[in-house]
Amino acid sequence: MAKAKGRKGSVARLAEAEGLGAQAAHAQGEVVKLDRGFPLVRLADGALVRCEHGAALVKGASERAVIGDVVALVLPDGHDKGIIESIAPRRCELVRKDPTERAVPQVLAANFDRVMVVQAVSEVNLRRLERELVLAAETGAAVDVVLTKADQAEGAQQVQQVRDAVQALVGEACRTIVVSSDDAASIEPVRELLAPGTTTILLGRSGVGKSTLVNALMGRQVQQTGSVRAGDGKGRHTTVSREVVTLPNGARMVDMPGVRGLGMWEADAGIGAAFSDVEKLAARCRFRDCTHGAEPGCAVRAAVDDGTLAPERFESYRSLKRETAEVRTRREHARWQQSDRPRGKKR
């Protein structure tokens, strides 16, 4: 594609490009990388095109192409980027509440088949894991947990204790796999889950070993990994872009940059899946609208009192439900304000 001479303003270039009509070629492709806001789209013939969003998407502001999206684009003659005109309907999304906004969703990835939640054995945070599992379960994709850096744990006993605690948390619906960088055989259970033609998202904070896992599955270094600090054995953040990596067997993985904020967005289904034990108890409460506080006949409180349900897990459940309800209330309030605003007037 020929590069444009000089640099025009974004709006001017978009308007010019979308006005070219017959002079521009139209194509369809998949977003395989998102780097500093610019989608990289792979076309049917394998060509890679760096793109920006068309005027209609820019105006909408809430819809942006993400990794995994199938998009229609125009390739204007004489311009250095393709213009994404539309995004095909998504079969699934990984969504969190935008950390910079009060009630706006942020889609991190689309059109995948599995989510692997990754944490390091020696740094497992069960409260964060619960939140990660909720976001993963909300997508409707298969969910598994991978515990990395077993070689940095304080012996086999710690590894087994952590694995048992995590497996008890995730339940029978998920597998918990422990891997070690010095044991190639430990990677095989992960590889067995990655069927050809499927796409798997790696979800976890920075430094837990997602890039190292991808490199191990590839059999060579394709993702940059940071050095490990001698003081605490923690890795440094290295992945700065979302990118689809195709494994030798044809399966695909997306090594997501470390996600810090994990705000809930329409996560009721995800909470129900991640806390199915609590939901089953709640169904046995005397009152259908039981808040699991001081109401008589509360099966959830009874389980906490007799030790069947850990109080920490119950508090996590209530906190996540409360957070989701608050986000829903703010969203509905914002929608009401928007619909109540007189046309042609500003407030």
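This structure is a prediction, so every number in the text was calculated from the model and none was measured.

So, how was this worked out
- Residues numbered from 1 in each chain as written.
- Predicted model: local features only at pLDDT ≥ 70, side-chain atom pairs only at ≥ 80, totals over all residues.
- Heavy atoms only, no water.
- Helix = DSSP H or I, 4+ residues; strand = E, 2+ residues; numbered from the N terminus.
- Buried < 20%, exposed > 50% of the residue type's maximum accessible area, 1.4 Å probe, protein only.
- Salt bridge = Lys/Arg side-chain N within 4 Å of Asp/Glu carboxyl O.
- pLDDT = per-residue confidence, 0-100.
- Contact = heavy atoms within 4.5 Å.

Visitor: Would you explain unusual backbone geometry in this entry?
Guide: Comment: phi is negative for the bulk of residues other than glycine, and the bulk of peptide bonds are trans. One non-glycine residue with positive phi stands out, namely Lys149, at about 60 degrees. Examined against the element boundaries, Lys149 turns out to sit in the loop between strand S9 (142-148) and helix H4 (156-170). Backbone geometry places His292, a non-glycine residue, at a positive phi of 60 degrees. Its place among the elements puts His292 in the loop between helix H8 (276-282) and helix H9 (299-305). Judged by relative accessible area, His292 falls into the buried class, the value being 8%.

Visitor: Explain the pattern of salt bridges to me, please; I cannot follow it from the model alone.
Guide: In a structure, side chains of opposite charge can pair up when their charged atoms sit close to one another. Summed over all chains, the structure comprises 14 salt bridges. Its salt-bridge partner being Asp69, residue Arg90 comes within 2.7 Å of it at the nearest N-O pair. Residue Arg90 is found in the loop between strand S5 (82-87) and strand S6 (93-97), and its partner Asp69 is found in the loop between helix H2 (55-60) and strand S4 (70-76); the two are separated by 21 residues along the sequence. Salt bridges here are not isolated pairs; linked through shared partners, they connect Arg127, Glu130, Asp277 and Arg313.

Visitor: Can you walk me through the confidence of the model for the protein in this structure?
Guide: If pLDDT is low for a region, its predicted coordinates should not be looked at in detail. When pLDDT is averaged across the protein, the result is 80; 76% of the residues are at 70 or more. Confidence drops under pLDDT 50 across residues 1-18; counting only partners more than four residues distant or on other chains, this segment forms 35 contacts. Confidence drops under a pLDDT of 50 for residues 227-237, and excluding neighbours within four residues, the segment shows 21 contacts in the predicted structure.

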